[in-house]
Amino acid sequence: MAPVPAGVARSRQLAVTSLVALIALCLAWELWLAPLRPGGSWLVLKVLPLTLPLAGLLKNRMYTYRWLSLLVWLYAAEGAVRMTSDPSSLSALLAGIELLLCVVLFVACTWHIRTRLRAAGKEAIAADAARRAAEAGYAADPVPPSRKP
């Protein structure tokens with residue numbers, strides 16, 4: 001197995017850390033720190049979609065990084081709206097932290113995708129083409145090399 005490039009490992013660690021921090025922040029915010037109603041609110045259920053990609057990030061699945069980079073913008077929008085509209089200063093501060101974590105998570109996901117694809121390079125593309133050709137029963141390179149007379 002080839003060694004994992006440092007950028008891939010760092011971006012993965014940053015993505016997992018920021019996602020776990022975002023989950024913890026949303027839970028604490030809606031249950032204890034500044035809930036919409038005293039004693040907590042049902043808005044805490046907004047955390048459930050964030051728990052789904054956690055397993056994919058821990059298993060290092062590229063597809064999870066891709067769709068998480070889109071999902072995170074829903075939480076960024078919520079953070080931006082609540083940061084500017086919540087009357088409570090604590091809630092506005094928590095919304096600002098949520099927005100910051102969302103941006104960090106997005107940057108980590110896109111950094112991971114870019115560095116991982118760059119690390120894969122041409123060898124991975126050629127290996128993938130050969131694998132698909134073998135599965136289909138064709139030669140890896142269907143065009144024979146040209147012959148010189």
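Below, the structure is looked at part by part. Note that this is a predicted model, so its numbers are computed, not measured. Throughout this document, residue positions are counted from 1 along each chain, in the order its sequence is written. Local features in this predicted model are restricted to residues of pLDDT 70 or higher, and side-chain atom pairs are both shown and tallied only at a pLDDT of 80 or more, whereas totals for entire chains, interfaces and linings draw on every residue. Side-chain measures were taken over the full set of non-hydrogen atoms in the model, leaving aside hydrogen atoms and water.

1. Focus: the overall build of the protein chain
For clarity, the threshold we go by: Under the scheme used here, helices are H or I runs from DSSP no shorter than 4 residues and strands are E runs no shorter than 2 residues, and both carry numbers assigned from the N terminus. Whether two residues are in contact is decided by their heavy atoms, any of which lying within 4.5 Å being enough.
For the protein chain, the helix and strand inventory stands at four helices and zero strands. Helices (α) and strands (β) of the protein chain occur, in sequence order from the N terminus, as α-α-α-α. Within the protein chain, contacts between residues at least 6 apart in sequence are counted, and of these 69% link residues at least 24 apart.

2. With respect to unusual backbone geometry
The phi dihedral of N60 is positive, around 60°, even though this residue is not glycine. Looking at the element boundaries, N60 is found in the loop between α2 (48-58) and α3 (62-85).

3. Structural notes on a nonpolar patch on the surface
Put simply, the test is: Patch rule: a residue counts if its relative accessible area is over 30% and it has no salt bridge; like charges are joined within 9 Å, and nonpolar side chains (Val, Leu, Ile, Met, Phe, Trp, Tyr) within 5 Å. Surface accessibility follows the Shrake-Rupley procedure with a 1.4 Å probe radius. Residue values consider only the protein chains on display as shielding. Any carboxyl oxygen of Asp or Glu within 4 Å of a side-chain nitrogen of Lys or Arg constitutes a salt bridge here. Relative accessible area decides the class of each residue, using a 1.4 Å probe on protein chains only: under 20% of the type maximum gives buried, over 50% gives exposed, and in between gives partly exposed.
Taken together, the side chains of L27, L31, W32, L33, L90, L93 and I97 make up a nonpolar region of the molecular surface, amounting to roughly 640 Å² of accessible area. Mapped onto the nonpolar patch, the elements with two or more residues apiece are α1 (6-33) and α4 (89-136). Considering every element that reaches the nonpolar patch, the biggest residue donor is α1, with four residues. Its place among the elements puts L27 in helix α1. Overall, the relative accessible area of 32% leaves L27 in the partly exposed class.

4. Comments concerning the nonpolar core
Soluble globular proteins tend to bury their nonpolar side chains together. So the rule is basically this: By convention a nonpolar core is built from buried Ala, Val, Leu, Ile, Met, Phe, Trp, Tyr and Cys residues, the set being connected through side-chain atoms within 4.5 Å.
Counting residues in hydrophobic clusters, the biggest one holds 27 residues, and the most contacted among them are L19, L22, L50, L57, L68 and L105. If you list the elements that add at least two residues to this core, you get α1, α2, α3 and α4. Discounting chain neighbours no more than four positions away, the residues touching L105 are A15, S18, L19, L22, L68 and V72.

5. Observations regarding the pattern of salt bridges
The final tally for this structure, using the stated rule, is five salt bridges. Here E78 makes a salt bridge to K46, at a shortest N to O gap of 2.8 Å. Of this pair, E78 sits in helix α3 while K46 is found in the loop between α1 and α2, placing the two residues 32 residues apart along the sequence. Like K46, E78 is buried. Across the salt bridge formed by D86 and R82, the nearest N and O atoms sit 3.2 Å from each other. For R82, a relative accessible area of 7% corresponds to the buried category. Members of the salt-bridge network, linked through shared partners, are E30, K46, E78, R82 and D86.

6. Details of the packing of α2 against α3
Note the threshold: For every element, the axis is a line fit to its C-alpha atoms; helices are fit only across the contacting stretch, and the angle between N-to-C directions ranges from 0 to 180 degrees. Each angle receives one of four descriptions, namely roughly parallel if under 35 degrees, roughly antiparallel if over 145, roughly perpendicular if within 65 to 115, and oblique otherwise. For any helix crossing, the convention is left-handed if the near helix is rotated counterclockwise from the far helix by under a right angle, and right-handed if that rotation is clockwise. Under the scheme applied, nonpolar residues are Ala, Val, Leu, Ile, Met, Phe, Trp, Tyr, Cys and Pro; charged residues are Asp, Glu, Lys and Arg; polar residues are all the others, including Gly.
Two elements in contact, α2 and α3, have axes separated by 10 Å at closest approach and are oriented at 155°. On the basis of their axis angle, the class for α2 and α3 is roughly antiparallel. Of the two possible hands of crossing, α2 and α3 adopt the one that is left-handed. In contact with P49, L50, L52, P53, G56 and L57 of α2, α3 contributes T64, Y65, W67, L68, L71 and Y75. Looking at the contact of α2 with α3 residue by residue, the classes come out as 10 nonpolar, two polar and no charged.

7. A word on the packing of aromatic side chains
Aromatic rings considered in pairs are described by the distance between their centres and by the relative angle of their planes. The cut-off we apply is this: Between 30 and 60 degrees the pair is tilted, below 30 it is stacked and above 60 it is edge-to-face, where a pair is any two Phe, Tyr or Trp rings, Trp via its six-membered ring, whose centres lie within 6.5 Å. The rule is short: NZ of Lys or CZ of Arg within 6 Å of the ring centre and within 35 degrees of the ring normal puts a charge over the ring.
Counted by the stated rule, this structure contains one aromatic pair. Lying across the ring of W29, K46 places its NZ or CZ 4.3 Å from the centre.

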